[in-house]
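If you want the building blocks of each chain, they are given just below.
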Amino acid sequence: MTTGMKACAEEIRQCWIRCDAALAAGDAEAANEAFGRVFEIVDQFPVEEEDVRALALLCILTWVKVAAALEAAGQNDPALQAQAHVFQLLDTYWLLEEDGQPQMSRDLKELEGLESAEATELLGRLYLLCSRYGREDSLYWGRCFMAFDRKLQSGGAVN
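Residues numbered from 1 in each chain as written. Predicted model: local features only at pLDDT ≥ 70, side-chain atom pairs only at ≥ 80, totals over all residues. Heavy atoms only, no water.

Draft legend 1. Inspection of the packing of helix 1 (residues 3-24) against helix 3 (residues 52-72) at higher detail. Interhelical geometry of helix 1 versus helix 3 gives an angle of 5° and a closest axis separation of 11 Å. Relative to helix 3, helix 1 is oriented roughly parallel. Contact with helix 1, carried on its side by Met5, Cys8, Ala9, Ile12, Trp16, Cys19, Asp20 and Leu23, involves Ala54, Leu55, Leu58, Leu61, Thr62, Lys65 and Ala69 of helix 3 and no other residues of that element. Considering only residue class, the contact of helix 1 with helix 3 consists of twelve nonpolar, one polar and two charged. (Axes fitted to C-alpha atoms, helices over the stretch in contact; angles between N-to-C directions. Helix = DSSP H or I, 4+ residues; strand = E, 2+ residues; numbered from the N terminus. Parallel < 35°, antiparallel > 145°, perpendicular 65-115°, else oblique. Contact = heavy atoms within 4.5 Å. Nonpolar A, V, L, I, M, F, W, Y, C, P; charged D, E, K, R; others polar.)

Here it is in structure tokens:
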């Protein structure tokens, strides 16, 4: 992962934190602005080959966050639409594989540096979402969640 990608990931993490604060304060407009900022960051990021998967994961996790926020607000139809978008992004994510199939044994090294409390929570939500709908990649996301959580618990992740 490039240094630029690490900085991008931190900027996205800060947007997630601002979104949480806005939602806790009942400020839907500020939460929407934080989500919008994430997508501006992604659109402006000069993607290097080695950063493609990390950036894709950050987009997926952001949509998981959008779906969770909508669900918590009782907006079930938009939450389901956001979940469907998560699944579309996951399908695209796996197309980055040579055979287009989830690689459950895939090395997690390419995701090193993305570990944070926020990313760990969102990976847990992603695992549960995939598991609820019987997706074959749910085990992979559970494995990612456990790896991130172990790093977080050992003090090796960004807080």
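Draft legend 2. View of helix 2 (residues 28-44). For helix 2, with 17 residues, the first-to-last C-alpha span of 24 Å sits near the 24 Å given by 1.5 Å per residue. Of the residues making up helix 2, those classed as buried are Ala31, Ala34, Phe35, Val38, Ile41 and Val42. Seen along its axis, helix 2 keeps its buried residues to an arc of 115°; they face one direction. Of the exposed residues in helix 2, the ones pointing more than 90 degrees away from its buried face are Glu29, Asn32, Glu33, Asp43 and Gln44. (Expected span 1.5 Å × (residues − 1). Buried < 20%, exposed > 50% of the residue type's maximum accessible area, 1.4 Å probe, protein only. Arc of directions from axis to C-beta.)

Draft legend 3. Representation of the nonpolar core in the model. Formed by 36 residues in total, the largest nonpolar core has its most connected members in Leu111, Leu126 and Trp141. At the level of secondary structure, the elements contributing two or more residues to this core comprise helix 1, helix 2, helix 3, helix 4 (76-95), helix 5 (117-132) and helix 6 (138-153). The dominant element in this core, judged by the number of residues it contributes, is helix 3, at eight residues. The residues touching Leu126, leaving out its near neighbours within four places in the chain, are Ile60, Leu61, Val64, Val86, Leu90 and Trp141. Counting eleven residues, the second largest nonpolar core, distinct from the first, contains Cys19, Ala34, Phe35 and Ala79. (Core = buried A, V, L, I, M, F, W, Y, C linked by side-chain atoms within 4.5 Å.)

Draft legend 4. Geometry of the pattern of salt bridges. Following the criterion strictly, the structure yields nine salt bridges and no others. A salt bridge links Arg37 to Glu40; the shortest N-O distance between them is 3.2 Å. Here Arg37 and its partner Glu40 are both found in helix 2, three residues apart, which amounts to about one turn of the helix. Ionic pairing is found between Arg135 and Asp91, a salt bridge with its closest N-O pair at 3.1 Å. Separated by 44 residues along the polypeptide, Arg135 in the loop between helix 5 and helix 6 and Asp91 in helix 4 bring together distant segments of the chain. Looking at Arg135, the relative accessible area reads 18%, which means it is buried. By relative accessible area, which is 43% here, Asp91 ends up partly exposed. (Salt bridge = Lys/Arg side-chain N within 4 Å of Asp/Glu carboxyl O.)

Draft legend 5. Region of the structure containing the side chain of Glu115. Along the polypeptide, Glu115 turns up in the loop between helix 4 and helix 5. According to the relative accessible area criterion, Glu115 is buried, its value standing at 8%. At a separation of 2.7 Å, a polar atom in the side chain of Glu115 contacts the main-chain amide nitrogen of Gly113. (Polar contact = N/O pair within 3.5 Å; in protein donor to acceptor, adjacent residues only side chain to side chain.)

Draft legend 6. Geometry of the state of the cysteines. Per the counting criterion, the structure on display carries zero disulfides. The thiol sulfur of Cys59 is not disulfide-bonded, and the nearest other cysteine sulfur, from Cys8, lies at 8.3 Å. Summary of cysteine pairing: Cys144 is not part of a disulfide, and the nearest cysteine sulfur, belonging to Cys130, is at 11 Å. (Disulfide = S-S within 2.5 Å.)

Draft legend 7. A look at the side chain of Asp51. Here Asp51 shows up in the loop between helix 2 and helix 3. Buried Asp51, no salt bridge; nearest opposite-charge side chain is Lys6, N-O distance 8.9 Å. For Asp51, the contacting residues outside a window of four places in its chain are Met1, Thr2, Met5 and Phe45. (Lys, Arg positive; Asp, Glu negative; His and termini not counted.)

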